[in-house]
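Observations on chain architecture
Each chain, letter by letter, is given below.
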Protein chains: 6
Amino acid sequence: MKKPKLSHYDDSGAVSMVDVSAKPVSSRSAIARAYVAMPPDVIAALPHNKKGDPLEVARIAGISAAKKTADLIPLCHQLPLSHVAVEFRLDAGGIEITATARTVAQTGVEMEAMTAVSIAALTIYDMTKALNKAIEIREIHLLEKTGGKSGTFRRKSMSSAK
Amino acid sequence: MKKPKLSHYDDSGAVSMVDVSAKPVSSRSAIARAYVAMPPDVIAALPHNKKGDPLEVARIAGISAAKKTADLIPLCHQLPLSHVAVEFRLDAGGIEITATARTVAQTGVEMEAMTAVSIAALTIYDMTKALNKAIEIREIHLLEKTGGKSGTFRRKSMSSAK
Amino acid sequence: MKKPKLSHYDDSGAVSMVDVSAKPVSSRSAIARAYVAMPPDVIAALPHNKKGDPLEVARIAGISAAKKTADLIPLCHQLPLSHVAVEFRLDAGGIEITATARTVAQTGVEMEAMTAVSIAALTIYDMTKALNKAIEIREIHLLEKTGGKSGTFRRKSMSSAK
Amino acid sequence: MKKPKLSHYDDSGAVSMVDVSAKPVSSRSAIARAYVAMPPDVIAALPHNKKGDPLEVARIAGISAAKKTADLIPLCHQLPLSHVAVEFRLDAGGIEITATARTVAQTGVEMEAMTAVSIAALTIYDMTKALNKAIEIREIHLLEKTGGKSGTFRRKSMSSAK
Amino acid sequence: MKKPKLSHYDDSGAVSMVDVSAKPVSSRSAIARAYVAMPPDVIAALPHNKKGDPLEVARIAGISAAKKTADLIPLCHQLPLSHVAVEFRLDAGGIEITATARTVAQTGVEMEAMTAVSIAALTIYDMTKALNKAIEIREIHLLEKTGGKSGTFRRKSMSSAK
Amino acid sequence: MKKPKLSHYDDSGAVSMVDVSAKPVSSRSAIARAYVAMPPDVIAALPHNKKGDPLEVARIAGISAAKKTADLIPLCHQLPLSHVAVEFRLDAGGIEITATARTVAQTGVEMEAMTAVSIAALTIYDMTKALNKAIEIREIHLLEKTGGKSGTFRRKSMSSAK
């Protein structure tokens, strides 16, 4: 069995954008999640803005960032995204962010979904930081991944998820 | 006393890049932190790469991303950064990332430091995800901020930190 | 019959980069047009520059901008353009700009052609504004579009063009 | 009297990013305007979206684009913008867009305000084009400019505005 | 026989991003080379840095730059790179850099490989320039190219290589 | 005497964007040079294009690239350039390119001038490569640098230029 190894390294041990030329083009998707923890008074302040809801600004920022993933993550391949969506769910402790990315390509869109939730979360932080500088971004992880040779992944817990 | 409100809104309730023309130029700094939680076998795999240590790739990615902050966060001002550094500390559960940003400008560098740790963390995720897809980015927050009208902030806990 | 609706919205009413994964790859083109209105003395000043004709600078700016469309228009898909050309025609009142864009992809290139003429027009404005600040960019619209499910469009007038 | 000439040319007739090293840093502003003409049924369709109002997406796009001006317009200087705002006004024939930009720098922000209204207009076009492809962007021009050696400009008509 | 002519010109003599819509998608590769000449004391100083080896920083810069080629070279097509690698070889006079780029696309990756070695070389210059400002980048050229209608090219000498 | 060391390293040996917060703002300039060697028939083909002279396209590309330097070279500071010019001189063996960059800032513009000549040279290569793939970019180096603590540098030869 081939032992898993760090990504993006060639046989000499040097980093590279690994060669995916021979991989088939296939339909792929990924869903990532982040959580922005904030105290109740910040959550209460969120809906008081008719124009420019902070979550709508964050949604645009997350979608735009997904398209810049290969410019931000040095060894990521450039991918033509066929779909990006960013969703929010408020609860008593903050805002849960999920992002879905899809492509038809030779490699997957995990990093695109992870980048979308991260930049959406940073944008929410940016728009609420005047209220409380201790707002924290927590638990950025992959929820699901489909397509490609490694097949479908669905997150359980960190230790069991290999 | 002026009540704190969401950032980046004008009096009509619309978002804008707020006017800092009248603010004095001053020396400002910010330190942010992130944590990448990973199981012991992933941590053990990290130092086995002589060329292109994943943490060195992440350091470059974090520094580069700090310079792109205004392009990623819609309402951020463009700032000429006078210093960016990204540091790593390994412990039994993963990697702690801290980033320091400095400028001499009319507004602060919180978002630049927050962006640097976030993209450094995403890069570590990208380079280790083949080993375990459940690696998680946790606790992205501001540790310290100096300069500007609001003065020095040092993080305590979320509830007391306003 | 399916009623036309605003672009880029999902069923919940949220904006997204809509899913084109299931659409077939096909050959598509678009032609857009803009007009830069300028007084006769500005038009007369244009050809007096042997090196760096302002229209040639604008041509490069328009072609380059077409490649940045997905970075400028938040919900646009990234497209590998297979052709971009920008043409100019001087008349007594100013400069007519047309741009042609082509791709072989799952979605169309309208916005790429529209962006090319707009940035070419802004570049002409930038290079002539010292002569007359009242130069105006007028009538940016789509002239023609081919390919895709909606088929060929050729501009008539605004009211009849649905 | 020094005769006005095309911008961005040096004495040999070659284009360059002209030398502003010796110019004093001063406070500068610019206001630009664009108009998106659309038939009544498109205007009627605009407010039917609770999440992601097309005008709010366009506002973010315009503000973000202002920060990219020097990357879009080849001979523009890079400027740290101290303020950008984009406003909309609906009337019976379409949407009027105005953008205000401010800086404290050695050169002015005309192109930043012009770029903001242009990209905001293109974004509105992008979000409404499914309803009517003949929507047209009209009358992009400078309304006002303050600061710098040339002083204040306020638009009258094209011929008298030199 | 069709006489070779300058690239990127249409029949009217204007530059354009030439139309490759009708060209078949095929596998293509290119290898480029650059040399950074530096005196012996600079070469001796290179390996004294445990963290952040200058060559590893240059490798990341070269790979990242390959992905930005269409944004740097005005008439280049955007290409989804399927592989980029940058290699270094030290000798007594300096550092030889080679970059390999691959794609499956309608046009070739010469410029991507050329851009990768150039930016990697500039990064080495940037990191060593405090030691000696006379370090020089030399002999940036294409070593090999495969795929496409023109077939395989392997560099001999300048005069014979047509 | 302080021994010169590699740039961009902190005391722990890690790379960083070094802290220039305490350095005074001063006027700085740099001039860099590159040479594109090409056989006589390629040189003869150059002026046959009325529209879109390849050198004018290269000039725009070089000026635009100077503004992207901090995005290309990982540890470069962002600088507001106050002037960029790119000049060409044809001789019997090819084209000599010189670029001048100026700023009023806390750090110098060497890399901006070096980047401008490099990308201008790559653009000339791109536009002539259909004629002869063996065209070579040679001798990219700094000619002159003024301002800053290290004062004026003028290139002599590599060994004596420290």
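Note that the structure is predicted; figures quoted are calculated from it, not measured.

Next up on the list: the environment of lysine 23 of chain B. Residue and element names in this part refer to chain B. Positionally, lysine 23 belongs in the segment before strand E1 (26-37). Residues lysine 23 and threonine 107 lie 84 residues apart in sequence; the distance between their C-alpha atoms is 7.9 Å. Not counting the four nearest positions on each side in its chain, lysine 23 is found in contact with Gln106 and Thr107.

Residues lying three or four places apart along an α-helix face the same way, a consequence of the helix completing one turn every 3.6 residues. Compared with the 27 Å implied by 1.5 Å per residue over 19 residues, the 28 Å span of helix H4 (residues 110-128) of chain F between its first and last C-alpha is a close match. For H4 of chain F, the tally of buried residues reaches 19 of 19 residues, placing the bulk of the element in the interior.

Moving on, we come to the interface of chain F and chain D. Tallying the contact residues gives 14 residues for chain F and 18 residues for chain D. Every element with two or more residues in the side of chain F that touches chain D is listed here: helix H2 (54-66), strand E2 (81-91) and strand E3 (94-105) of chain F. For the side of chain F that touches chain D, the element with the highest residue contribution is E2 of chain F, accounting for 5 residues. Each residue belonging to the side of chain F that touches chain D can be placed in one class, and the counts come to 7 nonpolar, 4 polar and 3 charged.

As a further point, take the environment of histidine 83 of chain F. Structurally, histidine 83 of chain F can be placed in strand E2. Dropping the residues within four chain positions of it, histidine 83 of chain F is found in contact with Met17, Val18, Asp19, Val20 and Ser21 of chain D together with Thr100, Ala101 and Arg102 of chain F.

Here we take up the relation of the copies chain F and chain D. In screw terms, the move from chain F to chain D is a rotation of 120° and a rise of 0.0 Å along the axis, fitting with an RMSD of 0.0 Å. With respect to symmetry, the two chain copies, as superposed, fit the operation of a three-fold axis. No C-alpha of chain F approaches the rotation axis more nearly than that of proline 80 of chain F, which lies at 4.7 Å.

Glancing now at the environment of alanine 45 of chain E. Secondary-structure assignment places alanine 45 of chain E in helix H1 (residues 40-45). Alanine 45 of chain E gets classed as partly exposed once you count the C-beta atoms within 10 Å, which come to 19. Sequence-distant contacts of alanine 45 of chain E, that is, excluding residues within four places in its chain, are made with Leu131 of chain E together with Leu6 of chain F.

Here the focus is the relation of the copies chain D and chain C. Two chain copies here: they are related by a rotation about an axis and a translation along the same axis. Expressed as a screw transformation, the operator carrying chain D onto chain C has a rotation angle of 180° and an axial translation of 0.0 Å, and the superposed copies differ by an RMSD of 0.0 Å. This pairing of chains is accounted for by a two-fold axis. Identified as the residue of chain D closest to the rotation axis by C-alpha distance is arginine 138 of chain D, at 2.3 Å. Here 100% of the contact residues of chain D are again contact residues in chain C; the copies associate through an equivalent surface.

Turning to the interface of chain D and chain C, a few remarks are in order. Contacts between the two partners involve 59 residues from chain D, matched on the other side by 59 residues from chain C. Of all the secondary-structure elements, those providing two or more residues to the side of chain D that touches chain C are helix H2 (54-66), helix H4 (110-128) and strand E4 (136-146) of chain D. Here the element with the most residues in the side of chain D that touches chain C is H4 of chain D; it accounts for 12 residues.

Turning next to the packing of H2 of chain D against H4 of chain D. Residue and element names in this part refer to chain D. Direction vectors running N to C along H2 and H4 enclose 145°, while the axes themselves pass 7 Å from each other. Judged by the sense of rotation from one axis to the other, the crossing of H2 with H4 is right-handed. Here Pro54, Val57, Ala58, Arg59, Ala61, Gly62, Ile63, Ala65 and Ala66 of H2 come into contact with H4, specifically with Glu112, Thr115, Ala116, Val117, Ile119, Ala120, Thr123, Ile124, Met127 and Thr128. Split by residue class, the contact of H2 with H4 holds 13 nonpolar, 4 polar and 2 charged.

Two strands pair when backbone bridges link them, and strand E4 (residues 136-146) of chain A and strand E4 (residues 136-146) of chain B are joined in this way by 2 bridges, in the antiparallel orientation. Bridging from a neighbouring strand, isoleucine 140 of chain A pairs with isoleucine 137 of chain B of E4 of chain B. In terms of strand pairing, E1 of chain B meets E4 of chain B through 8 bridges, oriented antiparallel. Following the sheet pairing, valine 36 of chain B is matched in E4 of chain B by isoleucine 137 of chain B. Summarising the sheet, E4 of chain B and strand E5 (residues 153-154) of chain B pair through 2 bridges and their orientation is antiparallel. Along E5 of chain B, the bridge assignment pairs glutamate 144 of chain B with arginine 154 of chain B. Counting the residues in the hairpin turn of E4 of chain B and E5 of chain B gives 6 residues, including glycine 147 of chain B, whose phi is positive at 90°.

Conventions used here
Residues numbered from 1 in each chain as written. Chains lettered and ligands numbered in written order. Predicted model: local features only at pLDDT ≥ 70, side-chain atom pairs only at ≥ 80, totals over all residues. Helix = DSSP H or I, 4+ residues; strand = E, 2+ residues; numbered from the N terminus. Contact = placed C-beta atoms within 7 Å. Expected span 1.5 Å × (residues − 1). Buried ≥ 20, exposed ≤ 12 C-beta atoms within 10 Å, placed from the backbone. Nonpolar A, V, L, I, M, F, W, Y, C, P; charged D, E, K, R; others polar. Least-squares fit on C-alpha atoms with pLDDT ≥ 70 in both. Axes fitted to C-alpha atoms, helices over the stretch in contact; angles between N-to-C directions. Left-handed = near helix turned anticlockwise from the far one by under 90°. Pairing = 2+ DSSP bridges.

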